[in-house]
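Here is how the chains run, residue by residue.
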Amino acid sequence: MNKEKRLEILTRLRDDNPNPTTELNFSSPFELLIAVLLSAQATDVGVNKATDKLYKVANTPQAILDLGLDGLKSYIKTIGLFNTKAENTIKTCQMLVDLHGGEVPESREALEALPGVGRKTANVVLNTAFGWPTIAVDTHIDRVSNRTKFAMGKNVVEVEQKLLRVVPKEFKVDVHHWLILHGRYTCVARKPKCGSCIIEDLCEFKDKAE
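Colleague: Describe the overall build of the protein, naming the residues involved and giving the relevant values.
Modeller: Per the secondary structure count, the protein includes 10 helices and zero strands. Ordered by position from N to C terminus, the α and β elements of the protein give α-α-α-α-α-α-α-α-α-α. Its C-alpha atoms give the protein a radius of gyration of 18 Å, within 12% of the compact-globule value 17 Å for 210 residues. Seen through its principal axes, the protein has C-alpha atoms that stretch 55 × 30 × 30 Å. Each charge class in the protein can be summarised by its mean position, and for the 29 positive and 27 negative side chains these summaries are 6 Å apart.

Colleague: Any chance you could break down the environment of Ile34 for me, citing the residues and the numbers?
Modeller: Following the sequence through the fold, Ile34 ends up in helix H2 (residues 29-38). Placed 99 residues apart in sequence, Ile34 and Pro133 show a C-alpha to C-alpha distance of 21 Å.

Colleague: Go over helix H7 (residues 119-128) with me, naming the residues and quoting the values.
Modeller: It helps to recall that an α-helix has 3.6 residues per turn; residues three or four apart then point in one direction. For H7, the tally of buried residues reaches eight of 10 residues, placing the bulk of the element in the interior. Among all positions of H7, only Thr121, Ala122, Asn123, Val124, Val125, Leu126, Asn127 and Thr128 are buried. Those residues of H7 hidden inside the fold are in contact with H2, helix H6 (108-112), helix H9 (156-166) and helix H10 (169-185).

Colleague: Hey, could you go over H10 for me, with residue numbers and the actual values?
Modeller: Relative to the 24 Å expected for 17 residues at 1.5 Å per residue, H10 spans 25 Å between its end C-alpha atoms, a close match to the ideal helical length. A bend of about 55 degrees at Val175 is the largest found in H10.

Colleague: Can you explain unusual backbone geometry? Please cite residues and give values.
Modeller: Despite not being glycine, Leu81 has its phi angle at roughly 60 degrees, a positive value. Mapped onto the elements, Leu81 comes out in the loop between helix H4 (61-76) and helix H5 (82-100). Unusually for a residue other than glycine, Lys149 sits at a positive phi of about 75 degrees. Tracing the backbone through its elements, the reader meets Lys149 in the loop between helix H8 (139-148) and H9. Note on Lys149: relative accessible area 23%, which makes it partly exposed.

Colleague: Describe the side chain of Lys85, and please don't skip the residues or the numbers.
Modeller: Its place among the elements puts Lys85 in helix H5. Within the structure, the side chain of Lys85 is placed 2.7 Å from the backbone oxygen of Leu38, a separation counted as a polar contact. With residues up to four places along the chain from it excluded, the contact list for Lys85 reads Leu37, Leu38, Ser39, Ala40, Ala42, Ile76, Ile79 and Gly80.

Colleague: Requested: an account of the nonpolar core, with residues and values cited.
Modeller: Counting residues in hydrophobic clusters, the biggest one holds 32 residues, and the most contacted among them are Ile64 and Leu111. Here this core gets eight residues from one element, more than from any other, and that element is H2. Contact partners of Leu111, with chain neighbours within four places excluded, come to Val104, Pro105, Val117, Ala122, Val125 and Leu126.

Colleague: Kindly report on the packing of helix H3 (residues 44-57) against H4, identifying the contributing residues and their values.
Modeller: One way to put it is that H3 packs onto H4 with a least axis distance of 11 Å and a crossing angle of 155 degrees. With respect to each other, H3 and H4 are oriented roughly antiparallel. Every pair of crossing elements has a handedness; the one defined by H3 and H4 is right-handed. Contact with H3, carried on its side by Ala50, Lys53, Leu54 and Val57, involves Ile64, Leu67, Leu72, Tyr75 and Ile76 of H4 and no other residues of that element. Of the residues belonging to the contact of H3 with H4, the class tally is eight nonpolar, no polar and one charged.

Colleague: Please provide a residue-by-residue account of the environment of Lys172, values included.
Modeller: Along the chain, the position of Lys172 falls in helix H10. The spacing of Lys172 and Gly118 is 54 residues in sequence and 20 Å in space, taken between C-alpha atoms. Filtering out sequence-adjacent residues up to four positions away, Lys172 remains in contact with Asn127, Pro133, Thr134, Ile135, Leu164 and Val167. At 3.0 Å, the side chain of Lys172 forms a polar contact with the backbone oxygen of Leu164.

Colleague: Break down the pattern of salt bridges for me, with residues and values.
Modeller: Here the idea is simple: oppositely charged side chains can pair when their charged atoms come close. Applying the stated criterion across every chain, the model contains eight salt bridges. Two residues, Glu23 and Arg184, come together in a salt bridge whose shortest N-O distance is 2.5 Å. With a gap of 161 residues between them, Glu23 in the loop between helix H1 (3-16) and H2 and Arg184 in helix H10 connect regions that are remote in the sequence. Residue classification places Glu23 among the partly exposed residues on the basis of a relative accessible area of 32%. Relative accessible area serves as the criterion here: at 23%, Arg184 is assigned to the partly exposed category. One salt bridge in this structure joins Arg108 and Glu112, with 3.4 Å as the shortest N-O distance. Here Arg108 and its partner Glu112 are both found in helix H6, four residues apart, which amounts to about one turn of the helix.

Procedures and definitions
- Here the residue numbers are simple positions, counted from 1 along each chain's written sequence.
- Restriction of local features to residues with pLDDT of at least 70 applies here, the model being predicted, together with a cutoff of 80 or more for giving and counting side-chain atom pairs; totals for whole chains, interfaces and linings are based on all residues.
- Working from all heavy atoms in the structure, the side-chain values ignore hydrogens and water.
- Starting at the N terminus, helices and strands are each numbered in turn, a helix being any DSSP run of H or I of at least four residues and a strand any DSSP run of E of at least two.
- Every radius of gyration here is taken over C-alpha atoms, with the globule rule written as 2.2 Å times N^0.38, N being the number of residues.
- Charged-residue counts in this description rest on Lys and Arg as positive and Asp and Glu as negative, His and the chain ends being excluded.
- Positions of charges follow a simple convention, taking NZ of Lys, CZ of Arg, CG of Asp or CD of Glu.
- Relative accessible area decides the class of each residue, using a 1.4 Å probe on protein chains only: under 20% of the type maximum gives buried, over 50% gives exposed, and in between gives partly exposed.
- Contact criterion: two residues are considered in contact whenever any of their non-hydrogen atoms come within 4.5 Å of each other.
- The length a helix should cover is 1.5 Å for every residue beyond the first.
- A residue's bend is the angle separating two fitted axes: one through the seven residues that end there, the other through the seven that start there.
- The definition of a polar contact used here is a pair of N or O atoms within 3.5 Å, where within protein one atom must be able to donate a hydrogen and the other to accept one, and adjacent residues in sequence count solely through side-chain atom pairs.
- Residues belong to a common nonpolar core when they are buried Ala, Val, Leu, Ile, Met, Phe, Trp, Tyr or Cys residues joined through side-chain atoms within 4.5 Å.
- What counts as an axis is a line fitted to C-alpha atoms, over the stretch in contact for a helix, and the angles between N-to-C directions run from 0 to 180 degrees.
- Here is the rule for angles: anything less than 35 degrees is roughly parallel, anything more than 145 is roughly antiparallel, 65 through 115 is roughly perpendicular, and the remaining ranges are oblique.
- Put simply, a crossing is left-handed when the front helix is turned counterclockwise from the back one by less than a right angle, and right-handed when it is turned clockwise.
- Charged means Asp, Glu, Lys or Arg here, nonpolar means Ala, Val, Leu, Ile, Met, Phe, Trp, Tyr, Cys or Pro, and polar covers whatever is left, Gly included.
- A side-chain nitrogen of Lys or Arg and a carboxyl oxygen of Asp or Glu constitute a salt bridge if their distance falls within 4 Å.

Dropping the structure here:
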């Protein structure tokens, strides 16, 4: 795929959705961090149902610590892997209180040092909470990037590095959201909805569906 095609794809995605954001509900960097931590192998809808109740009671590191492990579990037990996620959340909250004054650090190194927070979660927080031009590659973005030939890679790290190279600066902050939404609703895993895709004529996927 050439530079001109990529530019047209990004322009169309921007025109269709000028101000994209995550579908996770949050009102602070901390709420976003915990929501992303809880979202691994879970749907945003499922996470939102849990956090909408949790954040009314506890939406700061200290408040969640005050709930305690069992108290936290009672709010997130509908989410997959909730036992492990609850333990990581408590440990993360303790580190935020002890090391960062209860605030979410605007630092990749500091974020990735938090329990349960990997590169993808750090990228989401840096991008969505702080406006960094990071690109968090999940299964949707990996699929869209490879299927369309926009940015091919053997794994999510390779795809991320390729996207960082080929996406112009003006699109970098929002491209993560455009690609994830495109993968979630149009370029779906089993049978992509090519007939209703706004970039179908630019996509280089060989086995297009009706």
